[in-house]
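Coordinate inspection notes
These are the residues of each chain, in order.
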Amino acid sequence: MSEYIIRTNNLNFQFNRQRKIIENLSLNVPKGSIYGFLGPNGAGKSTTMRLITGLINEQQPSIELFGKPLHQQLPSVFSKIGSIIETPTLYLHLSGADNLRIIAAIQKIDEAKIQEILELVDLKKFQKQKAKQYSLGMKQRLAIGMALLNEPELLILDEPVNGLDPQGIVEIRELLKRINTTKGITIFISSHLLAEVEKTCTHVGIIHQGKLRFEGAIQELSSVNSQILLHISVKDASAYLSVVSQLYPQVRMADAKTLEIALNNTEEIPLLVKNFTENNIPIYALIKKGGLEDWFMNITQKTNE
Ligand SMILES: Nc1ncnc2c1ncn2[C@@H]1O[C@H](COP(=O)(O)OP(=O)(O)OP(=O)(O)O)[C@@H](O)[C@H]1O
């Protein structure tokens, strides 16, 4: 059986009596994974992360960290966790290295470790530069470095790429993968971007309105939801229906000028275009519906069922 670093067992939470913010949420974050906690704004990601890191107290014991109930290991368990939940606090008038030294002094960590972290987060060259001169991505990498100083087994980051430019996003993505593979640290990150989670994570949990909508390895996400619907604009749908149905028995007429065909995945589109061309059926437009993005939009846009 896999070992889990974070587990929640029917976690519930409400700030007031009117509304449950987290509802029967059962997460399973495997050891060694990069787990993407995905959901739109207001879904309950930050609240869950704040509960896991003890910034707010759970209302019934439902959180397990490193295989044991959280409430039985307070506060010592937090020495095994590095986290950035709220905006990271940096001393902007100090250099990158000095920001790390302040944390290191409190935790009695030596200079060698600071240099190792600067190397890891790719700030060695800029270590003497003041943090206020850093780009947002560099500040984020410095903050991640600060969270790594005490050699945590688990790193928890709330929306680590929020607000970064494309280059900054790639750098954080690569850094997280490096931390995960070279240090074996389990990483739990939140995001509202499906594409980002797909690129960075090994596992995903999708939350909407406080409830878990999907959980699994990233490959499962794409295989379960790869089916797409193609809407193909043609001059006269009824005229072509019988020819097309020989190749695609699942074809139907969406309207007088549109054929609709379900395909298993987008890889099948080029062959479809070739088949139409070979059968002298001009295509005026192709519209792809369904697929992972539509599915994600669908499950995260529905309001209270
Ligand atoms: N201190 C609070 N008191 C009352 N309601 C709160 C409080 N903090 C958050 N909420 C509400 O809880 C819900 C979940 O918020 P949360 O911040 O966990 O969502 P999120 O998924 O992290 O989204 P975002 O990315 O926008 O922060 C929201 O409806 C929010 O308004």
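This one's a predicted model, so the numbers in the text were calculated from it and none came from an experiment. (Residues numbered from 1 in each chain as written. Predicted model: local features only at pLDDT ≥ 70, side-chain atom pairs only at ≥ 80, totals over all residues. Heavy atoms only, no water.)

Let us look at empty space enclosed by the protein. Inspection of the entire model under this criterion finds 1 cavity of 30 Å³ or more. Of the volumes computed, that of the largest cavity is approximately 50 Å³. Lining the largest cavity are Pro 160, Val 161, Ile 189, Ser 190, Ser 191, Glu 196, Val 197, Thr 200 and Cys 201. Elements with a contribution of two residues or more to the lining of the largest cavity: strand 10 (186-191) and helix 6 (194-200). Across the lining of the largest cavity, the residue classes break down as 5 nonpolar, 3 polar and 1 charged. (1 Å grid on protein atoms, 1.4 Å probe; cavity = no way out; pocket = protein on both sides within 12 Å on 5 of 7 lines; lining within 4 Å. Points joined across faces, edges and corners; volume = space filled by probe spheres on them. Helix = DSSP H or I, 4+ residues; strand = E, 2+ residues; numbered from the N terminus. Nonpolar A, V, L, I, M, F, W, Y, C, P; charged D, E, K, R; others polar.)

A word on the domain arrangement of the protein chain. Assigned domains of the protein chain: these are domain 1 (4-223) and domain 2 (226-301). The C-alpha centroid of domain 2 is placed 41 Å from the C-alpha centroid of domain 1. Listed by partner, the interface residues are 12 residues for domain 1 and 8 residues for domain 2. Interface of domain 1 and domain 2: buried area, both sides summed, is about 850 Å²; carbon and sulfur atoms make up 75% of it. When residues of domain 1 are sorted by the area they lose upon contact with domain 2, Leu 194, Ile 206 and His 208 head the list and together hold 43% of the total. Joining domain 1 to domain 2, the criterion identifies 0 salt bridges. Counting the contacts that link domain 1 with domain 2 gives 1 residue pair in polar contact (both at pLDDT 80 or more). A per-element tally of the side of domain 1 that touches domain 2 places helix 7 (residues 218-224) first, with 3 residues. Residue composition of the side of domain 1 that touches domain 2, by class: 6 nonpolar, 4 polar and 2 charged. (Domains from an automatic or database assignment. Contact = heavy atoms within 4.5 Å. Buried area = accessible area lost by both parts, 1.4 Å probe. Salt bridge = Lys/Arg side-chain N within 4 Å of Asp/Glu carboxyl O. Polar contact = N/O pair within 3.5 Å; in protein donor to acceptor, adjacent residues only side chain to side chain.)

What follows is about the packing of helix 2 (residues 96-107) against helix 3 (residues 111-120). Put simply, helix 2 and helix 3 touch, their axes get as near as 10 Å, and they point 135° apart. As the angle between them shows, helix 2 and helix 3 are arranged oblique. Crossing hand, helix 2 versus helix 3: right-handed. Of the residues in helix 3, those in contact with Ala 97, Leu 100, Arg 101 and Ala 104 of helix 2 are Glu 111, Ile 114, Gln 115, Ile 117 and Leu 118. For the contact of helix 2 with helix 3, the class distribution of residues is 6 nonpolar, 1 polar and 2 charged. (Axes fitted to C-alpha atoms, helices over the stretch in contact; angles between N-to-C directions. Parallel < 35°, antiparallel > 145°, perpendicular 65-115°, else oblique. Left-handed = near helix turned anticlockwise from the far one by under 90°.)

An order of 14-15-13-16 is seen for the 4 strands of this open sheet, with the pairing classed as antiparallel. Both edges of this open sheet fall to strand 14 (252-255) and strand 16 (285-290), since each of them pairs with a single strand only. Pairwise comparison of adjacent strand axes, ignoring direction, gives a mean angle of 30° for this sheet. Here strand 13 (residues 228-233) pairs with strand 15 (residues 258-263) via 6 bridges, running antiparallel. (Pairing = 2+ DSSP bridges.)

Bringing helix 2 into the picture now. An ideal rise of 1.5 Å per residue puts 16 Å on 12 residues; helix 2 measures up with 17 Å between its terminal C-alpha atoms. Those residues of helix 2 not exposed but buried are Gly 96, Ala 97, Asn 99, Leu 100 and Ala 104. When helix 2 is viewed along its axis, its buried side chains cluster within an angular range of 160° and face the same direction. For helix 2, the exposed residues lying more than 90 degrees away from the buried face are Ala 105 and Ile 106. Where the residues of helix 2 are buried, they touch helix 3 and helix 4 (136-148). Of the residues flanking the end of helix 2, it is Lys 108, one or two places downstream, whose phi is positive at about 55°. (Expected span 1.5 Å × (residues − 1). Buried < 20%, exposed > 50% of the residue type's maximum accessible area, 1.4 Å probe, protein only. Arc of directions from axis to C-beta.)

Taken in spatial order, the 4 strands line up as 4-1-6-7 in an open sheet, and their pairing is antiparallel. Edge positions in the sheet fall to strand 4 (28-30) and strand 7 (68-69), since each has one partner strand and no second.

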